[in-house]
Amino acid sequence: MVLEEGHRCEFRERRSQVSGFDEEAMGQLLCSMGQDFAQSVTGRQVRIICTSMTTLTQIWMTLLLSNILPSDHNSDLPLPKCQLFYAILTQVSVHVAQLILDVIYQFVGIMPPRHPVDPEKSNRALGFSALITCLCQFYGVSVTPTKLIWPPIIRSFIEKYCIPRQAQESGQDQQQ
C-alpha cells in the first residue's frame, strides 16, 4: 500500500501497542475451522502451522514470504507475521516499502548462521532473490537462472500447495 505524505502506518502503530491485535480474531480469520495457533509450553500463542491455515492465508503466506518477508522456510507463521497477514486481510494500512527496508536492514546487519555440517557454508536463505535478479536484468547483467526461483501463484499451485489438508483428504475420499 502506498501511503501519502503525512499518513500513518496503522500496522506499525498497532504492533507497538500491547493490545494492538486481537489474537482470537486473528485465529478465526487465518485458521481453518476448528484450528488455532500452536502454543508454547506456557500456553502462549506463538505460530500458526501451515496445515491449520485457510487457503487464503496460505496464498498470502506464499506471496509475502517469497517477495516481501523472505524466509528460509514457510511451513508456519510466527505471531509477528500473523499480525501482518491479519492487518492486510482486514485492510489496516501497511507501509510495505518500510517493511522491505527493515528486512533488508536486518538481513545485512546480522551474521548468517553457519551450516550444521559444513561451517564454511551459510545456512541462511538468500533474501529477495527475485528482486536481485530483476535489478540485475534491468541494469543489463545477463541472467540465466538455472532453477526456477518460485513457481507463479496460479490455480494449479494453489490446489497443490494451499488447500488445507482436511479439504484435500475429503476431496480424495469423495473421488474414491
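Above: the structure in question.
Residues numbered from 1 in each chain as written. Predicted model: local features only at pLDDT ≥ 70, side-chain atom pairs only at ≥ 80, totals over all residues. Heavy atoms only, no water.

(A) Focus on the overall build of the chain. Looking only at helices and strands, one finds eight helices and three strands in the chain. Mapped from its N terminus to its C terminus, the chain presents α and β elements in the order α-α-β-β-α-β-α-α-α-α-α. Residues classed as buried in the chain amount to 26% of the 176 residues present. Within the chain, contacts between residues separated by at least 24 positions form 55% of all contacts whose residues are at least 6 apart in sequence. (Helix = DSSP H or I, 4+ residues; strand = E, 2+ residues; numbered from the N terminus. Buried < 20%, exposed > 50% of the residue type's maximum accessible area, 1.4 Å probe, protein only. Contact = heavy atoms within 4.5 Å.)

(B) Broad picture of a nonpolar patch on the surface. Residues I104, V108, L131, L135, F138 and Y139 make up a contiguous nonpolar surface patch of roughly 660 Å² in combined accessible area. For the nonpolar patch, the elements supplying multiple residues, two or more each, are α5 (96-109) and α6 (129-138). With respect to the secondary-structure elements, V108 resides in helix α5. (Patch = residues over 30% accessible without salt bridge, like charges linked within 9 Å, V, L, I, M, F, W, Y side chains within 5 Å. Areas by Shrake-Rupley, 256 points an atom, 1.4 Å probe, with all protein chains shown as cover. Salt bridge = Lys/Arg side-chain N within 4 Å of Asp/Glu carboxyl O.)

(C) Representation of the pattern of salt bridges within the structure. For the coordinates displayed, the defined rule picks out three salt bridges. Across the pair R12 and D102 runs a salt bridge, and its minimum N-O distance is 2.6 Å. Residue R12 is found in helix α1 (residues 10-16), and its partner D102 is found in helix α5; the two are separated by 90 residues along the sequence. Note that D76 and R47 form a salt bridge whose closest N and O atoms lie 3.5 Å from each other. With D76 in strand β3 (residues 76-78) and R47 in strand β2 (residues 45-49), the pair connects residues that are 29 residues apart, well separated along the chain.

(D) Broad picture of the sheet that holds strand β1 (residues 38-39). Taken together, the three strands give an open sheet; going across it, the order is β1-β2-β3, and neighbouring strands pair in antiparallel fashion. Each edge of the open sheet is held by one strand with a lone partner, namely β1 and β3. Contacts from helix α4 (residues 79-89) reach β2 and β3, with the element oriented near 95 degrees to β3. (Pairing = 2+ DSSP bridges. Axes fitted to C-alpha atoms, helices over the stretch in contact; angles between N-to-C directions.)

(E) Just helix α3 (residues 55-67), in detail. With 13 residues, α3 extends 18 Å between its outermost C-alpha atoms, agreeing within 8% with the 18 Å of an ideal straight helix rising 1.5 Å per residue. Along α3, the positions that sit buried rather than exposed are T57, Q58, M61, T62, L64 and L65. Looking at the buried side of α3, the elements it contacts are α2 (23-30), β3, α4 and α7 (155-161). (Expected span 1.5 Å × (residues − 1).)

(F) Spotlight on the packing of aromatic side chains. Under the counting rule described, the total for this entry stands at three aromatic pairs. Aromatic side chains F11 and F21 sit 6.0 Å apart centroid to centroid with 55 degrees between the ring planes, which places their arrangement in the tilted category. A residue pair is termed long-range when its members are at least 10 positions apart, and F11 in helix α1 and F21 in the loop between α1 and α2 qualify at ten residues. Note on F11: relative accessible area 3%, which makes it buried. Owing to a relative accessible area of 10%, F21 belongs among the buried residues under this scheme. Pairing F21 with Y86 gives two aromatic rings, centres 6.3 Å apart and planes at 80 degrees, and the pair type is edge-to-face. Highlighted residues: F21 in the loop between α1 and α2 and Y86 in helix α4, separated in sequence by 65 residues. Using a relative accessible area of 12% as the deciding quantity, one classes Y86 as buried. Put simply, the rings of F11, F21 and Y86 touch in pairs and so form one group of aromatic residues. It is R14 that lies over the ring of F21; its NZ or CZ is 4.7 Å from the centre. (Phe/Tyr/Trp six-rings, centres within 6.5 Å; stacked < 30°, edge-to-face > 60°. Lys NZ or Arg CZ within 6 Å of the ring centre and 35° of its normal.)

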